[in-house]
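Close look at the chain arrangement
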Amino acid sequence: MTELPENRIKRLRMRSMRRGIKEMDLILQRFAEAHLDVMDDAGLKLYDEMLSENDHDLYQWVTGQVPPPEAYAKLIEDIIADLPKTSA
């Protein structure tokens, strides 16, 4: 049975905000709210796959400590671009 688009987005939103570490909850919840509704099927599939990755790996990719795998590079770049900018 195929998952309805609205159910898929709802599931991905829940997975975005119920992570293993609070930092990733905040980062991914913000991104999900802003972008999931306008993503195409391929983007949603890739985001779903990325959510299966370890939170500590995701955090290192988003913070630039470790480069992300090539498959997720553009998505991680988009997530980073969506982070609030801080003033020095």
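Above: the structure in question.
Residues numbered from 1 in each chain as written. Predicted model: local features only at pLDDT ≥ 70, side-chain atom pairs only at ≥ 80, totals over all residues. Heavy atoms only, no water.

With that settled, consider the packing of helix H1 (residues 5–17) against helix H3 (residues 41–51). At a minimum axis separation of 11 Å, H1 and H3 run at an interaxial angle of 30°. One element, H1, and the other, H3, form an angle in the roughly parallel class. Relative to H3, the crossing made by H1 is left-handed. Of H3, the residues touching H1 (which contributes Arg-8, Ile-9, Arg-11, Leu-12, Arg-15 and Ser-16) are Asp-41, Leu-44, Lys-45, Tyr-47, Asp-48 and Leu-51. Across the contact of H1 with H3, the residue classes break down as 5 nonpolar, 1 polar and 6 charged. (Axes fitted to C-alpha atoms, helices over the stretch in contact; angles between N-to-C directions. Helix = DSSP H or I, 4+ residues; strand = E, 2+ residues; numbered from the N terminus. Parallel < 35°, antiparallel > 145°, perpendicular 65-115°, else oblique. Left-handed = near helix turned anticlockwise from the far one by under 90°. Contact = heavy atoms within 4.5 Å. Nonpolar A, V, L, I, M, F, W, Y, C, P; charged D, E, K, R; others polar.)

Attention shifts here to the packing of helix H2 (residues 22–35) against helix H4 (residues 55–62). At a closest axis distance of 10 Å, the pairing of H2 and H4 adopts a crossing angle of 60°. Taken together, the axis directions place H2 and H4 in an arrangement best described as oblique. The handedness of the crossing between H2 and H4 is left-handed. Between H2, through Glu-23, Met-24, Ile-27 and Leu-28, and H4, the contact on the second element is made entirely by Asp-55, Leu-58, Tyr-59 and Val-62. Of the residues that constitute the contact of H2 with H4, the class distribution is 6 nonpolar, no polar and 2 charged.

Keep in mind these values describe shape, not function.
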